[in-house]
Amino acid sequence: MSRTPISRRTALKGLGVSLALPWLEAMGPSTAWGAGADTKNPAPNRVCFLYVPNGKNMADWTPKAEGKGFDLPAILEPLKPVRENVLVLTGLTADKARAHGDGGGDHARALGAFLTGSQPKKTDGTDIRAGISVDQVAAARLADKTRLPSLELGGEQGAMAGNCDSGYSCVYSSTMSWRSATQPLPKEVSPKVVFERLFATKPPAERAAQDAKRKSVLDFVREDSKELGAKLGAGDKRKLDEYLSAVRDIELRIARAETLPPVKTPDYAVPATVPAKYDEHVGMMYDLIALAFQTDVTRVVTFVLANEGSNKTYPMVGVTEAHHELSHHDNKPEKKAKIRDINKFHTTQLARFLQKLAGIKEGDGTLLDHAMVAYGSGNSDGNAHNHDDLPILLAGGGCGTLKPGRHVRYPKETPLNNLWLSMLDRMDLRVTALGDGTGKLSGLS
Amino acid sequence: MRLRRVFIFAPLAIAGLVPLVRPSVPELTAAQKAEPAFKTDGVAFLKKHCLSCHSGAKAKADLALDKYADEAALLKDRKVWQRVIDTIKGGEMPPQGRPQPTAGESDAFLKVVGDVFEKHDRNAKPDPGRVTMRRLNRNEYNNTVRDLVGVDFNPAEDFPSDDVGHGFDNIGDVLTLPPVLLERYLAAAETIMNRAVTPTPPPVTARWQGAWFTEPAGPKVPTRNNWRIVSVGKDDPTSTGPVHTPVKVPDNGNGDFVLRARVYAETNGKKPVKIALLACCDKNAPGVASDEDVKQLSGAAVAALRPFKIVSIEEVTGRTEKDAKEIRTKFGPTPGLHRTAVALVKPADGEPEPKLYVQFMSLDGPLDSRPNTHKQLLKCDESKPVAERSREVLERFASRAYRRPVTKAELDRLLKLADAQLKAGDKAGAAATGKWEAAMQFAMTAVLVSPKFLFRVELDDRPDSAESHPIDEYQLASRLSYFLWASMPDQELFDLAAKKQLTANLDAQVKRMLRDPRANALVDNFVMQWLQLQPLKNAQPDPKKFPQFNEQLRAAMITETKLLFGEIVREDRKVLDVLNADFTYVNATLARHYGLMSGPNAPRFKNNEEFVRVDLKGTNRGGVLTQASVLTVTSNPGRTSPVKRGRYVLEQLLGTPPPPPPPNVPELEKDGKPVNAGTLRQQMEAHRANPACANCHAKMDGLGFGLENFDALGGFRTQDGNAPIDSSGELPGNIKFSGATELKGVLLGKKELFARCLTEKLMTYALGRGLEFYDRRAVDAVTAGLAKSDYKFSALVTEIVKSDPFRMRRGKSQ
């Protein structure tokens, strides 16, 4: 690489409004495929799942025309610069988000079922259960390829109070990734913590010494846990198993760090605390996803932009009322307009993210060409809480496996999980069953 | 509304008035049988009154009652049936417009169903339940590290937030341990031990200050060649001193220090010139100078420097700059050390006045630069061989970390780890000094990552036995300390547990622990979660409607509630104060918000931060329902929400939560047109015209309307826009009231419900699990005990820690 990497100061200036600056590109290639077209080292396919809560104002979302020449209703309008990279998928259903005898709780179920296709168990704490989520299926299979199997991000802390939705524990409405049916994965909200997790902040020698020490600590605790089993109840044993599987996970991670090529630490300034301005926070998290993909630290990312049922306000677009309250709009036009503005805020952020990915050259194309970015909500209309006709986008080229730039309409009740199965397919992960998926989705390529 | 109530309550009233005509057919049948059977009578009632809606796949409210054919089926779904009982009892079902059962029919049915459960509970063995072992949550982790290691910082800030179950963040079943968290635990353990133990002590800090820059400062400081001149007298502090300079020292001045100064003095006298080296400190520090001591010192600034300790009095022998000498004195721990000074001692009578020249002052130390935590954690008999020292240090640390005596096997393993680290140090050619310390530090890091530290493991010899058996005394100590302090047990609890004397001393220990400042954890964690005040930290009231909202007000709201509870805990007040305390705590911000700043009794504040206790008698406030914190979290950003407030009362204070709204609530329509006009109250009343919503909203809205005099920030108001506030409310049972004070009266009339609700919440928090039906007995006993002790807070805690679920457990094989 011949270019001088840009300085921290320059990178900092790039933050804020003009996030589309090519600073990521300016950092130079950091992977085998980054340098140019290389048939021996083709760029791998990455997946990213983005979740926005409380449904959409569907009238301002769904294009009227199908196929290539589709129109961009108000909410999709910000995607204009990247429309050729986006598939609008209409008609998908998250059936397991429906009550099926469990009564209220559409918000908790919407997120709980979104990537799992499994009916979340209605409980306020005891025996939490949903299903393994699609990202974790991919993460488990790709684990040996990258330093981190996956990354779980959030734009809002897990809810801090009581049951969040009609008798469902808050876990459901704040968690998108499920490592197993019983193990929800918490999301990372602080950009600083994410950055430190992605990239070494220590010199290699120091890091190696630290890893060696950690290895012997982990050996010790595993040995030390052995005698516990006989004196624990069944529930305790499950917790201990969880602990031991985390121990193994970190051991593997340390082992991988020894064999995988070193990761270059980008010159990116992260603030010590979570930015108070939500748009800055979201922009930063998107930057970190781009960096994680670009440096190949992971190939699987989930990002919950706000918890399901979130009552965030959006003063930056003039909405000072709480999002969830507003989403019960009773079909009042002024409330629906505000919901549209919130929805539009999110697609604007998405468009910037996609443009950023498109600005990073990789091999024979761009990072966006080598990624599949799914975006959507498990609720369709926030007022009706219906889980069919979901607002779903799929962006990126998927390493040539997708033909974006179209609006595709699916028959009613087509399971959302069929999309997830189709995406796994495109990562060369042959998985036949996931949640309520019934097969692959046609019309994506 | 009104129509409906007449409809429901009329049959009841008639039945009550004319008991003789009451026996109806179903009840006769029930009475005639030895045991009224659900199979026959109960099912008959269901068929007659319920199944037309509640059966099959499309059952209303997703409640199919046709699957309950016998007692066994009933017992399996107790929660469902509790709701069925409540709904029928409350006259909510069958709904208006459907044929209603007679009071006799309903009563008989409820008795049949109730008997099924009671018979079951009576014959069931007492069951203390079993708690899943709990991972320390973020608070507990921070507090435990503070008490175990002795450092007060918050390593857990970077941990992912803990999930909440049953309303609290300390529920064993819900607290998971994903890999990312274990990674944080590793990093935190390293950071903690790096700060607590310093194998290679850092160099001693010298705080050197040229006399030119010492105080008192000013343009007229007399100097010569950068030496500062101090003369005798008491008029001008700039020229008479003492000269002094601020210092910052770690550990509150603990440790040995050296104070240095380079000086000489000019004099014509015969007697030696003397100076005093001073260390300004806390007034309670040992050796603080008395009035008598101070009298001998010269200088106008002396009085202002007190309290100080006279480190030493020294003779100044040098008479010229060339002969100047450095004076140095060592002194011991000086709590609050924050400033050092050099003063002239008054010359003896008749002696001429000398002139003192000072070049610099320097405070060096602490001479042992290892932090206190280092010394405490590694304390041992240093005359002993290394192996024995290691054993002493690690046995003490691991036993406290695991909150029980460490076993020999555990200790051996730990020593092996430390030993390997020592040998690795040898190989790497590490310096001899600090090698052992580094090995201890490493072993302690491993302890902090062990599941025995991260989880509250309660080892059980009979983990599969269904028999109820007591937990051991160390486990009881931990349950107590994490309940009341959200931290590990202290030495007193450990000592009692070691002597097996804790169970016998529970009352005294509870009293002691509640008076300890650590009991604030109960307020910070339990109360904040019970009252659901965490969301207040992120609340974003509409700035257009509430420009007065700012961070100061937000913080003051939270502090008020905490201080109220702090007093209830500390002063052992009645728990009913939660509903109607006649006092509160406000700072200036909150007092303005509440309109308490005028009048003869207006509180006075020293500064903006200070909170003072104010008497609320005769005001419109008192108790949490009139506190801005609760009123704000139960509002929407731009307006009040009587529904939310009503639901809050039912759920958090009375423990009778309304069922969740039916899915897909129809839009608010009347005569085919959406209801968009009218006051909030009118809109809500229209809402209640919908029978699907009416049952619950009758309860919620009524309670919420009673609080309408408080706006969405908890400010008092009599107008909403142009409309006057109507704060009258009505509850099922023809209970009418107006305004917050009368509403509180209604709630106090239900104090048993409130006490039971609080008991259930506090027990959930104490046990770390959701309450089950088998806990009913324990809840009954605690609630009864609380009422008997005049609702004192300590009684509630004592009853809980003595209850079976708290002291016992049973095994659970799956």
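Residues numbered from 1 in each chain as written. Chains lettered and ligands numbered in written order. Predicted model: local features only at pLDDT ≥ 70, side-chain atom pairs only at ≥ 80, totals over all residues. Heavy atoms only, no water.

1. Brief notes about the overall build of chain A
Broken down by element type, chain A carries 12 helices and 11 strands. In terms of overall size, chain A behaves like a compact globule, its C-alpha atoms giving a radius of gyration of 22 Å where 445 residues would be expected to give roughly 22 Å. Across the 445 residues in chain A, those meeting the buried criterion constitute 61%. If you take every contact in chain A between residues at least 6 apart in sequence, the share linking residues at least 24 apart comes to 73%. As displayed, chain A has an accessible area near 15,900 Å², and 53% of this comes from carbon and sulfur atoms. (Helix = DSSP H or I, 4+ residues; strand = E, 2+ residues; numbered from the N terminus. Rg over C-alpha atoms; globule rule 2.2 N^0.38 Å. Buried < 20%, exposed > 50% of the residue type's maximum accessible area, 1.4 Å probe, protein only. Contact = heavy atoms within 4.5 Å. Areas by Shrake-Rupley, 256 points an atom, 1.4 Å probe, with all protein chains shown as cover.)

2. A look at the overall build of chain B
From N to C terminus, chain B includes 32 helices and 22 strands. Each principal axis of the C-alpha atoms in chain B carries an extent, and together these give about 120 × 70 × 45 Å. In chain B, buried positions account for 54% of the 814 residues. For chain B, the share of sequence-separated contacts (at least 6 apart) that also reach a separation of at least 24 residues comes to 73%. In chain B, the 117 positive side-chain charges and the 101 negative ones have mean positions that sit 1 Å from each other. (Lys, Arg positive; Asp, Glu negative; His and termini not counted. Charge placed at Lys NZ, Arg CZ, Asp CG, Glu CD.)

3. Points about a negative patch on the surface
All names here are of chain B. On the surface, Asp 381, Glu 382, Glu 388, Glu 392 and Glu 395 cluster together into a negatively charged patch. The residue Glu 395 is located in helix α13 (residues 386-402) in this model. Accessibility expressed as a relative area gives 37% for Glu 395, which makes it partly exposed. (Patch = residues over 30% accessible without salt bridge, like charges linked within 9 Å, V, L, I, M, F, W, Y side chains within 5 Å. Salt bridge = Lys/Arg side-chain N within 4 Å of Asp/Glu carboxyl O.)

4. Considerations on the interface of chain A and chain B
Listed by partner, the interface residues are 72 residues for chain A and 70 residues for chain B. A buried area of about 6,100 Å², summed over both sides, lies between chain A and chain B, and 56% of it is on carbon and sulfur atoms. Here chain A and chain B share 12 salt bridges between them. At the surface where chain A touches chain B, the tally comes to 21 residue pairs in polar contact (both at pLDDT 80 or more). At 12 residues, the largest contribution of residues to the side of chain A that touches chain B is made by helix α8 (residues 234-259) of chain A. When its residues are assigned to classes, the side of chain A that touches chain B shows 26 nonpolar, 22 polar and 24 charged. (Buried area = accessible area lost by both parts, 1.4 Å probe. Polar contact = N/O pair within 3.5 Å; in protein donor to acceptor, adjacent residues only side chain to side chain. Nonpolar A, V, L, I, M, F, W, Y, C, P; charged D, E, K, R; others polar.)

5. A closer look at the nonpolar core
Nonpolar side chains tend to gather and get buried jointly when the protein is soluble and globular. Phe483(B) and Trp530(B) are the most contacted members of the largest nonpolar core, which totals 104 residues. The residues touching Trp530(B), leaving out its near neighbours within four places in the chain, are Phe168(B), Phe565(B), Val578(B), Gln652(B), Leu653(B), Phe754(B), Leu758(B) and Lys761(B). Listed in part, the 69 residues of the second largest apolar core include Leu244(A), Leu148(B), Ala188(B) and Ala196(B). (Core = buried A, V, L, I, M, F, W, Y, C linked by side-chain atoms within 4.5 Å.)

6. Some details on the sheet that holds strand β5 (residues 243-246) of chain B
Residue and element names in this part refer to chain B. With antiparallel pairing, 4 strands are arranged side by side in an open sheet as β5-β10-β7-β8. For this open sheet the edge positions go to β5 and β8 (308-316), each flanked by a neighbour on one side alone. Going from strand to strand, the sheet's axes swing by 15° on average, the running direction of each strand aside. (Pairing = 2+ DSSP bridges. Axes fitted to C-alpha atoms, helices over the stretch in contact; angles between N-to-C directions.)

7. Some words on the packing of helix α29 (residues 751-767) of chain B against helix α30 (residues 776-788) of chain B
All names here are of chain B. Viewed as axis vectors pointing N to C, α29 and α30 meet at an angle of 125°, and their least axial separation amounts to 9 Å. It follows from the interaxial angle that α29 and α30 lie oblique. Where α29 crosses over α30, the two elements pack in a sense that is right-handed. Seen from α29, the contacting residues are Glu 752, Ala 755, Arg 756, Thr 759, Glu 760 and Met 763; seen from α30, they are Arg 776, Ala 778, Val 779, Asp 780, Val 782, Thr 783 and Leu 786. Here the contact of α29 with α30 is built from residues that sort into 6 nonpolar, 2 polar and 5 charged. (Parallel < 35°, antiparallel > 145°, perpendicular 65-115°, else oblique. Left-handed = near helix turned anticlockwise from the far one by under 90°.)

8. Quick notes on the sheet that holds strand β6 (residues 300-304) of chain A
Hydrogen bonding along the main chain pairs the strands of a sheet, whether they run parallel or antiparallel. All names here are of chain A. Ordered in space as β3-β6-β1-β9-β10-β2-β11, the 7 strands form an open sheet in which the pairing is mixed. A single partner strand is all that each edge strand has here, and the edge strands are β3 (151-154) and β11 (406-415). For this sheet, the mean angle separating the axes of adjacent strands, direction not counted, is 15°. Looking at chain direction, β3 and β6 are connected through 4 bridges and run parallel.

9. What to know about the confidence of the model for chain A
Per-residue confidence for chain A averages 88 on the pLDDT scale, and 91% of its residues sit at or above 70. Across residues 1-23 of chain A the pLDDT falls below 50, and counting only partners more than four positions away or on other chains, this stretch makes 30 contacts in the model. (pLDDT = per-residue confidence, 0-100.)

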